[in-house]
Amino acid sequence: MISVRSAGILRMAAIEQKGDMSSQNPIVSVLIPAYNAEKFIAAAVDSARRQTLRNIEIIICNDGSSDQTEMILKEIATIDPRVKVVNNSGNLGVSSTRNIMLQNACGRWIAFLDADDLMDSRRLETLVNLGNHHQVDVVIDNLIWINVDANKCVGPAVRIISENLPLSPTTFINRSSTIGFSWGYLQPIIRTNWIRQNEISFDSQLKIGEDFCFLCSCFIDGATGIFLPEPMYYYRISSQSATTLRENKGKYSFEQLITGTQKLLERAKFCGNAEAEAALHDRVEFLADMLVFSGIVDSMRTMDIASAVKGMMRLRFRFLKIFFYRVRQKLVWKLQWQFAKPFSLDH
């Protein structure tokens, strides 16, 4: 059965949506991959449906869910003609699912929204206007972290930028190759024609870092972009997703990130983008250090002192730099949540 909360959201949305016409030639296609998302999907879709930019389509792909996700999506589709639901025959993974939605999108812009996240109601209108004003291919805004269990938020994630920032391959790569916040978490809007003309797609072989690789491919191939420091995307963290984030800092995660970056390096060489090539080379070295550091942490947890010391000697002074940055990062993260404010979508 559909949860009481989901049913309530659907009823309210149906009333507010009354009289809204199906979008012809939509300005934005909002793509939402959904897998076992029954707890969050109704709120996520509702945040898309409440956009001040009304001329949009919302494509949701149910990726072989085994819970009530499919039923909830069918209900939503009956009350809003802008919502289109696609059902995969099985669980294909988020990258393949996004590629399917990209093929079906009719909007001039593509916007990505995860099934457990939310958007500010002004987000799409703001980003499209910004993109058109600056005549760029990609627009990225800041985000706010939301603790679902405590209903508190911290942010913005990117704090050191106060003005709109033009984006280049090196800017995006370098800001995603530090020990702090990775810009790979940021969700863009991108011109649909640009994606198709340059044949950009998600790498279905990657399980981690596929967002970063997709967006970085755009910049390597010559996309122009701008970053908006105002946070209009709400990244929700539950106890389950927090566990996933911690697991994504292990050996397998860094191996996947290195693989993805090496593919990007080959792309940069093929495109003759020397600046991107240099930045990606530095990123591979950074990720290799993080892989060694992860191995040191694992060795210390299992009391394998010899392996831990070997790893430290390999990193030398870089180990101390990484160690102190990681400690600082954890302390800052805990302090932020200690003083986090209650979250409201209307805040």
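Our structure is the block above this text.
Residues numbered from 1 in each chain as written. Predicted model: local features only at pLDDT ≥ 70, side-chain atom pairs only at ≥ 80, totals over all residues. Heavy atoms only, no water.

*Asks:* What's the story with the nonpolar core in this structure? I'm lost.
*Replies:* Burial of nonpolar side chains together is a common tendency in soluble globular proteins. Among the nonpolar cores identified, the biggest contains 83 residues, and Val-28, Val-30 and Ile-41 are the most heavily contacted of them. Here the element with the most residues in this core is helix H8 (residues 210-220); it accounts for 8 residues. Apart from the residues lying within four places of it in its own chain, the contact partners of Val-30 are Ala-48, Ile-56, Glu-57, Ile-58, Ile-59, Ala-111, Leu-113, Met-119 and Leu-124. Residues Phe-254, Leu-287, Leu-315 and Ile-322 belong to the second largest nonpolar core, which totals 14 residues. (Core = buried A, V, L, I, M, F, W, Y, C linked by side-chain atoms within 4.5 Å. Buried < 20%, exposed > 50% of the residue type's maximum accessible area, 1.4 Å probe, protein only. Helix = DSSP H or I, 4+ residues; strand = E, 2+ residues; numbered from the N terminus. Contact = heavy atoms within 4.5 Å.)

*Asks:* What is the right way to read empty space enclosed by the protein from this model?
*Replies:* Over the atoms rolls a probe the size of a water molecule, and its path tells where empty space is left. Applying the stated criterion to the full structure yields 1 cavity of 30 Å³ or more. In this structure, the largest cavity encloses a volume near 70 Å³. When residues of the lining of the largest cavity are assigned to their parent elements, the largest contribution, 3 residues, is made by H8. Here the residues of the lining of the largest cavity are counted per class, giving 8 nonpolar, 2 polar and 2 charged. (1 Å grid on protein atoms, 1.4 Å probe; cavity = no way out; pocket = protein on both sides within 12 Å on 5 of 7 lines; lining within 4 Å. Points joined across faces, edges and corners; volume = space filled by probe spheres on them. Nonpolar A, V, L, I, M, F, W, Y, C, P; charged D, E, K, R; others polar.)

*Asks:* Would you explain the pattern of salt bridges in this entry?
*Replies:* Between side chains of opposite charge, a pair can form when the charged atoms approach closely. Evaluated as defined, the whole model comprises 15 salt bridges. In this structure, the salt-bridge partner of Lys-263 is Asp-203, at a minimum N-O distance of 2.7 Å. Of this pair, Lys-263 sits in helix H10 (residues 251-271) while Asp-203 sits in the loop between helix H7 (192-197) and H8, and the two are 60 residues apart along the sequence. Its salt-bridge partner being Arg-267, residue Asp-221 comes within 2.9 Å of it at the nearest N-O pair. Of this pair, Asp-221 sits in the loop between H8 and strand E10 (225-237) while Arg-267 sits in helix H10; the two residues are 46 residues apart in sequence, bridging distant segments of the chain. With relative accessibility at 26%, the residue Arg-267 sits in the partly exposed group. (Salt bridge = Lys/Arg side-chain N within 4 Å of Asp/Glu carboxyl O.)

*Asks:* Could you clarify how one ought to interpret unusual backbone geometry in this entry?
*Replies:* Of all residues except glycine, most have a negative phi; of all peptide bonds, most are trans. The phi dihedral of Asn-151 is positive, around 55°, even though this residue is not glycine. Here Asn-151 shows up in the loop between strand E6 (138-147) and strand E7 (152-154). What makes Asn-151 partly exposed here is its relative accessible area of 40%. Although it is not a glycine, Glu-199 sits at a positive phi angle of roughly 55°.

*Asks:* Is there a simple way to think about the packing of helix H11 (residues 274-301) against helix H12 (residues 305-315) in this case?
*Replies:* Helix packing for two helices is described by the angle between their axes and how far apart those axes are. Two elements in contact, H11 and H12, have axes separated by 8 Å at closest approach and are oriented at 155°. In this view, H11 runs roughly antiparallel relative to H12, as classed from their interaxial angle. When the axes of H11 and H12 are compared, the crossing they make is left-handed. Here H11 contributes Asp-289, Val-292, Phe-293, Ile-296, Ser-299 and Met-300 to the contact with H12, which in turn contributes Ser-307, Ala-308, Gly-311, Met-312, Arg-314 and Leu-315. Each residue belonging to the contact of H11 with H12 can be placed in one class, and the counts come to 7 nonpolar, 3 polar and 2 charged. (Axes fitted to C-alpha atoms, helices over the stretch in contact; angles between N-to-C directions. Parallel < 35°, antiparallel > 145°, perpendicular 65-115°, else oblique. Left-handed = near helix turned anticlockwise from the far one by under 90°.)

*Asks:* Just to check I follow, could you spell out the pairing of strand E3 (residues 83-87) for this structure?
*Replies:* Successive side chains on a regular strand alternate, one facing one side of the sheet and the next facing the other. One ladder, built from 5 bridges, connects strand E2 (residues 56-62) with E3; its direction is parallel. Bridging from a neighbouring strand, Ile-58 pairs with Val-83 of E3. Following the chain from E2 across helix H3 (residues 69-79) to the adjacent parallel E3, one finds a crossover that is right-handed. (Pairing = 2+ DSSP bridges. Right-handed = clockwise from strand over helix to strand, strands pointing away.)

*Asks:* Could you clarify how one ought to interpret the pairing of E2 in this entry?
*Replies:* Of all 7 residues that make up E2, 7 are buried, and the element is covered over most of its length. Burial along E2 is two-sided: the residues Ile-56, Ile-58, Ile-60 and Asn-62 and Glu-57, Ile-59 and Cys-61 are all buried. Summarising the sheet, strand E1 (residues 28-34) and E2 pair through 7 bridges and their orientation is parallel. Directly across from Val-30, in E2, lies its bridge partner Ile-58. For the segment spanning E1, helix H2 (residues 41-49) and E2, crossover handedness is right-handed.

*Asks:* Is there a simple way to explain a nonpolar patch on the surface in this structure?
*Replies:* A cluster of nonpolar side chains, Phe-317, Leu-320, Phe-323, Phe-324, Val-327 and Leu-331, forms an exposed patch at the surface whose accessible area comes to about 630 Å². Locating Phe-317 in the fold gives a position in helix H13 (residues 317-338). (Patch = residues over 30% accessible without salt bridge, like charges linked within 9 Å, V, L, I, M, F, W, Y side chains within 5 Å. Areas by Shrake-Rupley, 256 points an atom, 1.4 Å probe, with all protein chains shown as cover.)

*Asks:* Honestly, helix H5 (residues 123-134) in this entry has me stumped. Any pointers?
*Replies:* Residues lying three or four places apart along an α-helix face the same way, a consequence of the helix completing one turn every 3.6 residues. If you check H5, its first and last C-alpha atoms are 17 Å apart, about what 12 residues at 1.5 Å a residue would give, namely 16 Å. Regarding H5, the residues found buried are Arg-123, Leu-124, Leu-127, Val-128, Leu-130 and Gly-131. The buried residues of H5 occupy an angular sector of 160° when the element is viewed end-on, so they sit on one face. Just past H5, the residue Gln-135 takes up positive phi, approximately 55°. (Expected span 1.5 Å × (residues − 1). Arc of directions from axis to C-beta.)

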